[in-house]
Amino acid sequence: MKCAIILAGGKGTRMKTDSPKVMCEVIFEPMIKYVIDAVKEAGAEDICVITGYRHEVVEGYLASYDSKIKTALQEPQLGTGHAVMQARDFISAHKNDDILILNGDGPLMDADTINKAYAYHTENKNVITLVSAIVSDTNGIGHIKRDENGTLLRIVEHKDATDEEKLINESNAGVYWFNGASLLYALDNITNNNVQNEYYLTDSLEILIGKGENAGAYVCENYEAVLGANDRKQLNDLNNIMRRNINDRLMVSGVDIQCTDGVMIGKDVKIGNSTRILPNTIILGNTVIGDNCVIGPNTWISDSTIGSDVILDNCKITDSTVEDGVDCGPFVKVRANSVLKKGVHIGNFVEVKNSIVGEGTKSAHLTYIGDSDVGKNVNFGCGTVTCNYDGKNKTRCKIGDGAFIGCNTNLIAPVEVGELAYIAAGSTITDDIPNEALSVARARQVNKEGWVAKKKPYKNQK
């Protein structure tokens with residue numbers, strides 16, 4: 001059985017944030033989410049996260065994301081070895097299993113790398129296998145020290161390394177596979193005899209080698225997978241790499257991104273063939289987009305389902321469904337579990353909230369459709385507002401198929417407009433309208449001649 005321990009107790013001082021380091025975001029998601037997803041994809045059936053600084057923030061996130069994940073608190077933070085010691089009960093329960101240990105601030109780590117390291121671990125019958133990478137910048141890394149035959153000896157932390165050891169460019173990635181029982185043995189023998197007076201998990205390699213156990217290092221083929229972030233600049237680097245990787249994967253699968261400027265797409269987003277993504281478009285969460293769409297420019301979509309042959313130009317779509325052939329924009333907002341049925345046209349400066357808009361319905365401009373059930377082939381005139389809130393309660397409007405709503409109409413909910421009903425422009429509707437009726441709800445026009453000359457309402461008027 002595979003299981004995993006994720007180290008997530010760091011403060012991230014150089015990030016200059018009040019949040020735990022692992023909660024800093026890459027493509028609008030906490031770094032730890034990517035690590036959890038990679039671990040799950042690699043087949044880990046049980047996960048324990050070691051928390052520390054502001055542990056309640058991480059624990060709260062985990063509870064909402066996956067309540068099955070276990071946690072253990074490291075307080076105070078006395079090194080990576082000390083962190084893993086806090087999961088002793090978890091390790092004891094898995095002493096006959098293989099345990100993956102990795103950092104929660106490494107969002108580029110992927111299931112493929114984890115599983116290749118695991119295959120190396122099992123094929124060589126190792127009790128410990130670490131993941132390493134060849135890097136160009138050796139400053140601050142954990143250096144993998146080998147003998148002249150290439151046999152692993154130990155990991156030397158940069159702060160404890162000699163000048164010669166600091167030149168070693170094989171870097172410890174902070175990712176390990178352990179045999180559970182051997183991990184317990186190593187934890188019992190780790191000391192804090194080092195410059196930092198901390199308990200290093202890296203010392204477990206030398207401890208287990210000294211015990212005569214098999215140990216090895218899997219050299220990662222993709223060095224980017226082992227990258228982490230200690231400051232905002234490095235976090236920006238991770239964002240750029242993640243963004244590139246996701247965009248490249250989508251383009252290879254048939255998505256058209258002619259210019260990637262400002263295009264940020266979450267890793268869980270699914271997009272169909274020949275859909276075009278235009279600049280400054282952000283697509284996040286569990287969003288699914290069909291084929292042959294044009295999305296953007298300047299469009300935000302999150303946790304929504306978009307059909308095929310849809311045009312979204314300068315739109316914000318959240319938690320909603322847009323069916324095939326819908327045309328929206330520019331400057332459209334659709335939110336709160338709304339549904340735009342097939343062939344709907346939503347024009348500039350229209351907002352749809354918690355509403356169902358029927359097939360073929362058109363709202364060309366300057367309209368608010370809130371808490372409403374709208375039928376097929378309805379026409380909304382410019383400036384129509386569904387007045388769904390009375391200051392205390394929100395209520396719904398119902399608009400029948402084929403209704404025509406004139407410009408500057410106010411529908412005071414709850415109200416029902418019948419099928420093929422016709423509302424004169426400038427009306428304020430407070431009562432239900434029968435099918436096929438004309439409704440005129442406005443005062444008679446009155447002209448008072450000479451009023452301006454008499455009342456002089458204008459500034460500086462003589």
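Heads up: the structure comes first, above all this text.
Residues numbered from 1 in each chain as written. Predicted model: local features only at pLDDT ≥ 70, side-chain atom pairs only at ≥ 80, totals over all residues. Heavy atoms only, no water.

1. Some remarks on the pairing of strand β9 (residues 152-157)
Threshold: Here a strand pair is declared whenever DSSP counts at least two bridges between the two strands. Secondary structure counts use DSSP, requiring at least four H or I residues in a row for a helix and at least two E residues in a row for a strand, with both numbered from the N terminus.
The pairing of strand β8 (residues 142-146) with β9 spans 5 bridges and is antiparallel. Each bridged residue has a counterpart across the sheet, and for Arg-146 the counterpart in β9 is Leu-152. What sits between β8 and β9 in their antiparallel hairpin is a turn of 5 residues, with Gly-150 showing a positive phi close to 85°.

2. A word on the packing of helix α6 (residues 180-189) against helix α7 (residues 203-210)
Here is the rule we go by: Orientation is described by axes fitted as lines to C-alpha atoms, over the contacting stretch for helices, and by angles from 0 to 180 degrees between their N-to-C directions. Orientation labels follow simple angle bins: below 35 degrees gives roughly parallel, above 145 gives roughly antiparallel, 65 to 115 gives roughly perpendicular, and whatever is left gives oblique. Contact between two residues is taken to exist if any of their heavy atoms lie within 4.5 Å; hydrogens are not considered. Amino acid classes used here: Ala, Val, Leu, Ile, Met, Phe, Trp, Tyr, Cys and Pro are nonpolar; Asp, Glu, Lys and Arg are charged; the rest, including Gly, are polar.
Taken N-terminus to C-terminus, the directions of α6 and α7 make an angle of 110°; their axes are 9 Å apart at the nearest point. Of the possible angle classes, the one that applies to α6 and α7 is roughly perpendicular. The residues of α7 that touch α6, namely those facing Ser-182, Tyr-185, Ala-186 and Asn-189, are Ser-204, Ile-207 and Leu-208. Taken together, the residues of the contact of α6 with α7 break down into 4 nonpolar, 3 polar and no charged.

3. Some details on the nonpolar core
The line we're drawing: Only buried Ala, Val, Leu, Ile, Met, Phe, Trp, Tyr and Cys residues count toward a nonpolar core, and they belong to the same one when joined by side-chain atoms within 4.5 Å. Any residue under 20% of the maximum accessible area for its type is buried, any over 50% is exposed, and the rest in between are partly exposed; the area is computed with a 1.4 Å probe on protein chains only.
Counting residues in each nonpolar core, the largest one holds 62 residues, and the members touching the most others are Ile-265, Ile-271, Ile-283, Leu-312, Leu-340, Ile-399 and Leu-411. For this core, the element with the most residues is helix α8 (residues 232-252), which contributes 6 residues. Sequence-distant contacts of Ile-265, defined by excluding residues within four places in its chain, comprise Ile-27, Ile-246, Asn-247, Leu-250, Ile-257, Ile-271 and Ile-283. Residues Ile-6, Tyr-61, Met-109 and Val-131 belong to the second largest nonpolar core, which totals 34 residues.

4. A word on the sheet that holds strand β13 (residues 270-271)
Strand order in the open sheet formed by 9 strands is β13-β16-β19-β22-β25-β27-β29-β32-β35, and the pairing between neighbours is parallel. Lying at the two open borders of the sheet, with one neighbouring strand each, are β13 and β35 (415-417). Pairing between strand β19 (residues 305-306) and strand β22 (residues 321-322): 2 bridges, direction parallel. Counterpart to Thr-305 in the pairing with β22 is Thr-321.

5. Here we look at the pairing of strand β1 (residues 2-8)
Counted residue by residue, β1 has 7 buried out of 7 residues, so it is predominantly covered. Here β1 shows two buried faces, one formed by Lys-2, Ala-4, Ile-6 and Ala-8 and the other by Cys-3, Ile-5 and Leu-7. Strand direction decides the pairing type here: β1 and strand β6 (residues 98-103), joined by 6 bridges, are parallel. What sits directly across from Lys-2, in β6, is Asp-98. Of the pairings in the sheet, the one linking β1 to strand β4 (residues 46-51) comprises 6 bridges and is parallel in character. The partner of Ile-6 across the bridge, within β4, is Val-49.

6. Some details on the packing of aromatic side chains
Applicable threshold: In this scheme Phe, Tyr and Trp rings, the latter by its six-membered ring, pair at centre separations within 6.5 Å, and the angle between planes marks the pair as stacked below 30 degrees, edge-to-face above 60, and tilted otherwise. Counted as over-ring charges are cases with an Arg CZ or a Lys NZ within 6 Å of the ring centre that also lie within 35 degrees of the ring normal.
Evaluated as defined, the whole model comprises 7 aromatic pairs. For the ring pair Phe-331 and Phe-349, a centre distance of 5.0 Å and an interplane angle of 25° mean the geometry is stacked. Of this pair, Phe-331 sits in the loop between β23 (327-328) and β24 (332-335) while Phe-349 sits in strand β26 (residues 345-353), and the two are 18 residues apart along the sequence. Arranged with centres 4.5 Å apart and planes meeting at 15°, the rings of Phe-404 and Tyr-422 form a pair that is stacked. Pair noted here: Phe-404 is in strand β33 (residues 404-405) and Tyr-422 is in strand β36 (residues 422-423), with a separation of 18 residues, a long-range link. Above the plane of the ring of Tyr-185 lies Lys-211, whose end atom (NZ or CZ) is 4.9 Å from the centre. The positively charged end of Lys-394 is found above the aromatic ring belonging to Tyr-389, 5.8 Å away from the centroid.

7. Topic: the side chain of Ser-320
Just so we agree on the cut-off: Under the rule applied, a polar contact is a pair of N or O atoms within 3.5 Å (in protein, one hydrogen donor and one hydrogen acceptor; residues adjacent in sequence only if both atoms are side-chain atoms).
Within the secondary structure, Ser-320 sits in the loop between β21 (315-318) and β22. A polar side-chain atom of Ser-320 sits 2.9 Å from the main-chain carbonyl oxygen of Thr-318.

8. Concerning the pattern of salt bridges
Put simply, the rule reads: Whenever a carboxyl oxygen of Asp or Glu lies within 4 Å of a side-chain nitrogen of Lys or Arg, that contact is scored as a salt bridge.
One pass over the full model with this rule turns up 23 salt bridges. The shortest N-O distance in the salt bridge between Arg-154 and Glu-165 comes to 3.2 Å. One end of the pair, Arg-154, is in strand β9; the other, Glu-165, is in the loop between β9 and β10 (170-179), with 11 residues separating them in the sequence. The residue Glu-224 makes a salt bridge to Arg-244 at a minimum N-O spacing of 2.6 Å. With Glu-224 in the loop between β11 (215-219) and α8 and Arg-244 in helix α8, the pair connects residues that are 20 residues apart, well separated along the chain. Classification of Arg-244 by relative accessible area gives partly exposed; the value is 37%. Residues participating in the shared-partner salt-bridge network are Lys-33, Asp-37, Lys-267 and Asp-268.

9. Structural notes on unusual backbone geometry
Peptide bonds are mostly trans, and most non-glycine residues show a negative phi. Note that the residue after Gly-296, namely Pro-297, is joined by a cis bond; omega there is 5°. Note on placement: Pro-297 falls in the loop between β17 (294-295) and β18 (300-302). Note the cis peptide between Ala-413 and Pro-414, where omega equals 0°. Within the secondary structure, Pro-414 is located in the loop between β34 (410-412) and β35. The backbone phi angle of Lys-125 is positive, close to 55°, even though this residue is not glycine. Position of Lys-125 relative to the elements: it lies in the loop between α5 (111-123) and β7 (128-134). For Lys-125, a relative accessible area of 64% translates into the label exposed. One non-glycine residue, Asn-298, adopts positive backbone phi at about 55°. Along the chain, Asn-298 turns up in the loop between β17 and β18.

Bear in mind that shape data such as this cannot, by itself, settle questions of function.
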